[in-house]
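So the chains spell out like this:
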Amino acid sequence: MSDATAQGAGAPAFRFSTAETAKHAVLILGALIVLLPFYVMLSYSFKSPAEIMQNTGGFFGAQLPFRDDYCVKLGNPVEACMVTPVIYNYTTAFQKAPLLRYLLNGVIVTGSIFVIQVLVALPCAYALAKLRFWGREAVFGLVLFCLLIPVHAIALPLYIMLAKVGLTNSYAALIIPWTISVFGIFLMRQFFMTVPDDLIDAARMDGMSEFSIVWNVMLPTAIPALMAFAIFSVVAHWNDYFWPRIVITGNRDLFTPPLGLREFKGDADGDNYGPMMASAVVIVSPLIVAFLLAQRRFIEGITLSGMK
Amino acid sequence: MARSRAHLWFIGPALVLMVLILIVPIGIAAALSFTDYSLGNSGASFVGVENYEKIFTRSTYEKMFGATFRYVGVVVPLSVGLGLGAALLIHSLKRFGDLYKTIYFLPVMAALIAMAIVWEFALHPTIGIFNSTLERGCGTVLENWGWYAKGCARTFPLWLNNRDYAIWTVCFIGIWQAFGFNMVLYLAGLTSIPRDLYAAAEMDGARSAWDRFRLVTWPMLGPTTVFVVTISLIRSFQVFDMVEAFYPHGGGPSKSVYVMMFAIYEKAIQQNLMGIGAAITVVFLGFVMVLTLIQRTLIERRTHYG
């Protein structure tokens, strides 16, 4: 800290500074620890079982073909069963578990959750911000109260309710508890408060109905806030493990990515580490790649979730 | 005008869902916590405060509180401290700051369940990269350290399966996952501190970096800190993914990692003891709501005087 302020902007670009070097040393050490599991995951998704057991082969493994015992057991000639580790790991990951199905489920569930959250929250936020009506303060008070309740914490009664109406093991069970986002209402309402009333009055003068004002005037102005909220919502629900674990029991067709990965882990003996790491890579990648492409937006979106 | 009715359609769905999904379940949990209800049984009998009595007297639940508070007590200060430390360092750098920020934020984005599986593998006693790296240090000066010599002579710990290490290992992974998030919040806080304040402090004789931190940075970060601490508290109270992945049954060696969220899951979902699960839910919800309320009041007071 002292250095940056003391030297100021006029300091020569490449002057050696002990303090600066020390800072980098600390941060690099931290970065190594942070990256370690990512390194392990990626590296071992490339390696053959033997390399994994002996911890050899460097980052990418030697990629020497090895014999797939399972393939031999199925009665195939040995020559046909020689596989390259990286191909073996990734194909096994996709064959052993319906990974594509899990990813599709992930998209369906997170997508539906976000769309419904917006459909419910946006009009409500508009009404709370811009319409005058009896009971408005009470409704807003309720929103503030509900902000105190983490949905994960009331998972049990929600599960009982869903079980009573026979909805466990369905997409509905994965989506329903998240249809209401009080945080989304709160966020949008704060945003709408800053939109000038003149804009809405002008729209009314033009004969627009309140419905079309919400979707044709307010929605477009709220795009930046919606983007942030979308990122927050998608990241939270794509990575969520707790709720799917509770409501989806057994029916593989409904597994979301984290749940599918967990199942993969269940039958992991030594040989399966490669494919297991490969499936972890497949499940973690979509968000990580998206994050690397649009860091600023992601960080904004996730940071907003702190308000919850 | 249609306007007078429009709000009903706008508020209605949200209101119904709020009540059904957030308010009614609290009532249900509260009601069930006084019964011995289990799913599939037609009825349930009223057992009074028996469930709560169990929670506060039985040793299983003592272990549950022990594990939960140990986890929260370690993860919150360390993830906040490391988050602040990383933010201060990165903020003061002339270049590459964004690179570190990106790297440190990666764990926040990665599904914790996936990374837990990777960590479990990295910490595997025989084929894991962690212990095999430690073994390479054997025979060097590191052996002067008694703990290390013992590890070399026999084996290094079974990090996740040893009663003495398990909770701390889980805490470590929790910190690994959480601190990048805190760092980003602190970085946002740091950028909003006006530069002139440092100049003013310097004029008033705050020469050392420590003085500037103590007199300007830390007080200005007050609201951020309240925010970061409560968010971390609430999140670490809800830890579940790792515990379930590592210890699907029983909550770790000697129940040393039997955290509350896992206890709710085990009692209510695995064992179908809804009554006791509901009672833990109520206690748990109490904790979290009180924490959030404290945060609200603290932040509101700050903005009044700040």
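For the structure itself, consult the block above.
Residues numbered from 1 in each chain as written. Chains lettered and ligands numbered in written order. Predicted model: local features only at pLDDT ≥ 70, side-chain atom pairs only at ≥ 80, totals over all residues. Heavy atoms only, no water.

What to know about the overall build of chain A
Looking only at helices and strands, one finds 17 helices and 2 strands in chain A. The C-alpha atoms of chain A give a radius of gyration of 26 Å, which is well past the 19 Å a tight globule of 308 residues would have. Dimensions of chain A, computed from the C-alpha atoms along their principal axes, are close to 80 × 70 × 35 Å. Counting only residues that meet the buried cut, chain A has 52% of its 308 residues in that class. With an accessible surface of roughly 13,600 Å², chain A has 67% of that area assigned to carbon and sulfur atoms. One way to put it: in chain A the 20 positive side-chain charges average out to a point 5 Å from where the 19 negative ones average out. (Helix = DSSP H or I, 4+ residues; strand = E, 2+ residues; numbered from the N terminus. Rg over C-alpha atoms; globule rule 2.2 N^0.38 Å. Buried < 20%, exposed > 50% of the residue type's maximum accessible area, 1.4 Å probe, protein only. Areas by Shrake-Rupley, 256 points an atom, 1.4 Å probe, with all protein chains shown as cover. Lys, Arg positive; Asp, Glu negative; His and termini not counted. Charge placed at Lys NZ, Arg CZ, Asp CG, Glu CD.)

Considering helix H12 (residues 210-221) of chain A
If you check H12 of chain A, its first and last C-alpha atoms are 15 Å apart, about what 12 residues at 1.5 Å a residue would give, namely 16 Å. Within H12 of chain A the residues assigned to the buried category are Glu210, Ser212, Ile213, Val214, Val217 and Met218 of chain A. (Expected span 1.5 Å × (residues − 1).)

Section: unusual backbone geometry
At asparagine 169 of chain A, a position not held by glycine, the phi torsion is positive, near 60 degrees. Inspection of the secondary structure puts asparagine 169 of chain A in the loop between helix H8 (155-164) and helix H9 (171-175). Judged by relative accessible area, asparagine 169 of chain A falls into the partly exposed class, the value being 26%. The phi dihedral of asparagine 272 of chain B is positive, around 55 degrees, even though this residue is not glycine. We classify asparagine 272 of chain B as partly exposed; its relative accessible area is 26%.

Here's the deal with the pattern of salt bridges
A full pass over the atoms with the stated rule returns 10 salt bridges over all chains. Glutamate 20 of chain A is the partner of lysine 94 of chain B in a salt bridge, and the nearest nitrogen-oxygen pair spans 3.9 Å. Within this pair, whereas lysine 94 of chain B is found in the loop between helix H3 (59-92) and helix H4 (97-109), its partner glutamate 20 of chain A is found in helix H2 (residues 18-44), the two belonging to separate chains. When salt bridges with common partners are traced through the structure, they connect Glu20 and Lys23 of chain A together with Lys94 of chain B into a single cluster. (Salt bridge = Lys/Arg side-chain N within 4 Å of Asp/Glu carboxyl O.)

Regarding the nonpolar core
Judged by nonpolar contacts, the single largest core of 211 residues is most densely connected at Met188 and Phe192 of chain A together with Leu22 and Tyr104 of chain B. For this core, the element with the highest residue contribution is helix H6 (residues 99-130) of chain A, accounting for 16 residues. With near-sequence residues (within four places) excluded, leucine 22 of chain B lies in contact with Cys146, Ile149, Val151, Ile154, Ile180 and Val182 of chain A together with Leu17 of chain B. (Core = buried A, V, L, I, M, F, W, Y, C linked by side-chain atoms within 4.5 Å. Contact = heavy atoms within 4.5 Å.)

Some remarks on the interface of chain A and chain B
Between chain A and chain B, the contact holds 96 residues from the first and 94 residues from the second. One can count 2 salt bridges joining chain A with chain B. Where chain A touches chain B, the interface holds 14 residue pairs in polar contact (both at pLDDT 80 or more). Sorting elements by how many residues they give to the side of chain A that touches chain B places H2 of chain A first, with 18 residues. The class makeup of the residues in the side of chain A that touches chain B is 74 nonpolar, 13 polar and 9 charged. (Polar contact = N/O pair within 3.5 Å; in protein donor to acceptor, adjacent residues only side chain to side chain. Nonpolar A, V, L, I, M, F, W, Y, C, P; charged D, E, K, R; others polar.)

Some thoughts on the packing of H2 of chain A against helix H5 (residues 112-122) of chain B
The interhelical angle for the contact between H2 of chain A and H5 of chain B, taken along N-to-C directions, is 85 degrees, at an axis separation of 9 Å. By the angle class used here, H2 of chain A and H5 of chain B are roughly perpendicular. On H5 of chain B, the residues touching Leu36, Pro37, Phe38, Val40, Met41 and Tyr44 of chain A of H2 of chain A are Met115, Val118, Trp119, Phe121 and Ala122 of chain B. The residue makeup of the contact of H2 of chain A with H5 of chain B, split by class, is 11 nonpolar, no polar and no charged. (Axes fitted to C-alpha atoms, helices over the stretch in contact; angles between N-to-C directions. Parallel < 35°, antiparallel > 145°, perpendicular 65-115°, else oblique.)

Thoughts on the side chain of threonine 292 of chain B
Mapped onto the elements, threonine 292 of chain B comes out in helix H14 (residues 274-305). Judged by relative accessible area, which is 4%, threonine 292 of chain B ranks as buried. Ignoring anything within four residues of it in the chain, the contact list for threonine 292 of chain B reads Leu148 of chain A together with Ile234 of chain B.

Such coordinate-based values are descriptive only and should not be taken to indicate function.
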